[in-house]
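Each chain is listed here by its residues.
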Amino acid sequence: LLDPIGGHILVTLATAAAMAATVVGIARLVRVWGHRNGDLVALAFLASPIVVVAGTQTADFLWATAFLTWGALALVGDRPVPAGVLLALAVGSRSSTLLLVVALLAAVAWDRPRRRTVAVAAAVALPVAALLFVPAWLSYDRSLEFLDATDGWVSLSNNLARFLLKNYAVVGLAMVVVLVVAAPALVRALRNWDRDPMVRFAVFGLLATEALFLRMPWKPAHLVPCLLALVLWIGASDRNRRPFLWVVVAAMAVNGLVVFRPFVADEPNSTGGGDLEPAVTLGWLANDVRCRSEHMDQPPHLGSGAWACTLEPMRGPTDDPGDLG
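All of the points below concern the structure found in this document. Predicted, not measured: the structure shown is a model, and the values here were computed from it.

How each quantity is defined
- Residues numbered from 1 in each chain as written.
- Predicted model: local features only at pLDDT ≥ 70, side-chain atom pairs only at ≥ 80, totals over all residues.
- Heavy atoms only, no water.
- Helix = DSSP H or I, 4+ residues; strand = E, 2+ residues; numbered from the N terminus.
- Buried < 20%, exposed > 50% of the residue type's maximum accessible area, 1.4 Å probe, protein only.
- Contact = heavy atoms within 4.5 Å.
- Salt bridge = Lys/Arg side-chain N within 4 Å of Asp/Glu carboxyl O.
- Phe/Tyr/Trp six-rings, centres within 6.5 Å; stacked < 30°, edge-to-face > 60°.
- Lys NZ or Arg CZ within 6 Å of the ring centre and 35° of its normal.
- Expected span 1.5 Å × (residues − 1).
- Arc of directions from axis to C-beta.
- Axes fitted to C-alpha atoms, helices over the stretch in contact; angles between N-to-C directions.
- Parallel < 35°, antiparallel > 145°, perpendicular 65-115°, else oblique.
- Left-handed = near helix turned anticlockwise from the far one by under 90°.
- Nonpolar A, V, L, I, M, F, W, Y, C, P; charged D, E, K, R; others polar.
- Disulfide = S-S within 2.5 Å.
- Core = buried A, V, L, I, M, F, W, Y, C linked by side-chain atoms within 4.5 Å.
- Patch = residues over 30% accessible without salt bridge, like charges linked within 9 Å, V, L, I, M, F, W, Y side chains within 5 Å.
- Areas by Shrake-Rupley, 256 points an atom, 1.4 Å probe, with all protein chains shown as cover.

Looking now at the overall build of the protein chain. Tallying secondary structure elements over the protein chain gives 15 helices and 2 strands in all. Projected onto the principal axes, the alpha-carbon positions of the protein chain cover approximately 60 × 50 × 40 Å. Classification of the 325 residues of the protein chain by burial places 46% in the buried group. Counting contacts in the protein chain only where the partners sit at least 6 residues apart, residues at least 24 apart contribute 69% of the total.

And the structure:
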């Protein structure tokens, strides 16, 4: 709809607007669920360079999170029909968002008085989401082949290694240290399970999306929903204090400027192993700006080298321009 009108510029601006809507939605959701400092919880999400990079291109994850957060607000506000439509749009934007939608519905339905609202929202969301995939169904000759995806499973050891490496690369060393410090508070937050839907949604959402990523450890942007669940869990813990949240924001942001990369891939774009070559390099955001400036004059094509360039903070420099397995 947007590309014929304004080309890639309008499409990218629209994605940036979806990113902004997600940030505002997170801040409001934290407040509606009875927690403080929603602004800093939302800022922690925005500070991740993976979010900023995904929100300034044609990635669909920020569209999904925008519809999801505002659907959650409608659901918590006892407006099940708008909630169902928004949650359907979240699934229509990115089918894997179904896991977060189920996590949200389960978290809210945990409270018995809210189950009718959840049931109505689910009854609206299911058929609307199905309708959104009719064009894909038609374009695949009325078959379900559009649901097929590249198999990301190789073996438990291989997938686990890629899962750990990419999770580390997305949050960065500073945030790993912060999470170690926050871990006791995150565990203590589970004591509020029966009375805090934000804890339930954050934990359900994080477990579901990380399990999917273990099954298919693909690109860094696939972890955007995990980052959303993570910051909400921090916001639901007793670490929800402004000084500590500013530390979280800084730890997220520093990964955009500089990264510590312990390994480089010995076989890029394959399922090979890695070589121990510790290095401090440009962070995700700084490197992404560099790559965009270098490849801005090239038309989009797989052999341009742009994709390999953007992944250097995680896998190191390579002459292979292909995708990352």
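When you line up the elements, leucine 147 lands in the loop between α8 (134–139) and α9 (156–189). By relative accessible area, which is 53% here, leucine 147 ends up exposed. C-alpha separation for the pair leucine 147 and alanine 136, spaced 11 residues apart in sequence, amounts to 9.1 Å.

Evaluated as defined, the whole model comprises 7 salt bridges. Measuring nitrogen to oxygen at the nearest pair gives 3.1 Å for the salt bridge that ties aspartate 39 to arginine 242. Of the two residues, aspartate 39 is situated in helix α2 (residues 38–47) and arginine 242 in helix α12 (residues 242–257); the sequence distance between them amounts to 203 residues. By relative accessible area, which is 42% here, aspartate 39 ends up partly exposed. The salt bridge partner of aspartate 60 is arginine 94, with a shortest N-O separation of 3.1 Å. Placement of the pair is aspartate 60 in the loop between α3 (49–54) and α4 (61–76) and arginine 94 in the loop between α5 (80–93) and α6 (98–109), with a sequence separation of 34 residues. The exposure class assigned to arginine 94 is partly exposed, which follows from its relative accessible area of 21%.

With that settled, the discussion passes to the packing of aromatic side chains. Inspection of the entire model under this criterion finds 8 aromatic pairs. A ring pair is formed by tyrosine 140 and phenylalanine 146, whose centres lie 6.4 Å apart and whose planes are at 55 degrees; its orientation type is tilted. Ring plane angle 90 degrees and centroid distance 5.1 Å describe the contact between tryptophan 193 and phenylalanine 204, whose orientation is recorded as edge-to-face. Separated by 11 residues along the polypeptide, tryptophan 193 in the loop between α9 and α10 (197–215) and phenylalanine 204 in helix α10 bring together distant segments of the chain. By relative accessible area, which is 17% here, tryptophan 193 ends up buried. Sitting above the plane of the phenylalanine 244 ring, arginine 239 keeps its charged end 4.7 Å from the centroid.

One full turn of an α-helix is made of 3.6 residues, so residues set three or four places apart face in the same direction. Between its first and last C-alpha atoms helix α7 (residues 115–132) spans 25 Å; for 18 residues at 1.5 Å apiece the expected length is 26 Å, and the two agree. For α7, the set of buried residues is Thr117, Val118, Ala121, Val124, Ala125 and Ala129. The buried residues of α7 occupy one face: seen down the axis, they fall within an arc of 135 degrees. Every exposed residue of α7 that faces more than 90 degrees away from the buried side is listed here: Arg116, Ala123, Leu126 and Leu131. Each element contacted by the buried residues of α7 is listed here: α4, α5 and α6.

Looking now at the packing of α4 against α5. Between α4 and α5, whose axes approach to 8 Å, the crossing angle comes to 165 degrees. By the angle between their directions, the pair α4 and α5 is classed as roughly antiparallel. Pair α4 / α5 crosses with left-handed handedness. Between α4 and α5, the residues in contact are Trp63, Ala64, Phe67, Leu68, Trp70, Gly71, Ala72, Ala74 and Leu75 and Pro82, Ala83, Leu86, Leu87, Leu89, Ala90 and Ser93, respectively. Classifying every residue of the contact of α4 with α5 by side-chain character gives 14 nonpolar, 2 polar and no charged.

Scanning all chains against the criterion turns up 1 disulfide. Bridging cysteine 291 to cysteine 309, the disulfide has an S-S length of 1.9 Å. Linking cysteine 291 and cysteine 309, the disulfide has an S-S dihedral of approximately -85 degrees and is accordingly described as left-handed. One end of the pair, cysteine 291, is in helix α13 (residues 284–295); the other, cysteine 309, is in helix α14 (residues 306–310), and 18 residues separate them in sequence. In terms of burial, cysteine 291 and cysteine 309 fall into one category: buried.

Further remarks concern the nonpolar core. Phe45, Phe201 and Leu232 are the most contacted members of the largest nonpolar core, which totals 82 residues. Here this core takes 10 residues from helix α11 (residues 224–235), the largest share from any one element. Excluding anything up to four places from it in sequence, phenylalanine 201 contacts Trp33, Leu68, Leu100, Ala103, Leu104, Ala107 and Leu232.

Moving on, we get to a nonpolar patch on the surface. A cluster of nonpolar side chains, contributed by Leu173, Val176, Val177, Val180, Val181, Val254, Leu257, Val258, Phe260 and Val280, occupies part of the molecular surface with about 820 Å² of accessible area. Residue assignment for the nonpolar patch shows that the elements contributing at least two residues are α9, α12 and β1 (258–265). The element that contributes the greatest number of residues to the nonpolar patch is α9, accounting for 5 residues. Topologically, valine 280 is positioned in strand β2 (residues 274–282).

Just distances and angles here, no functional claims.
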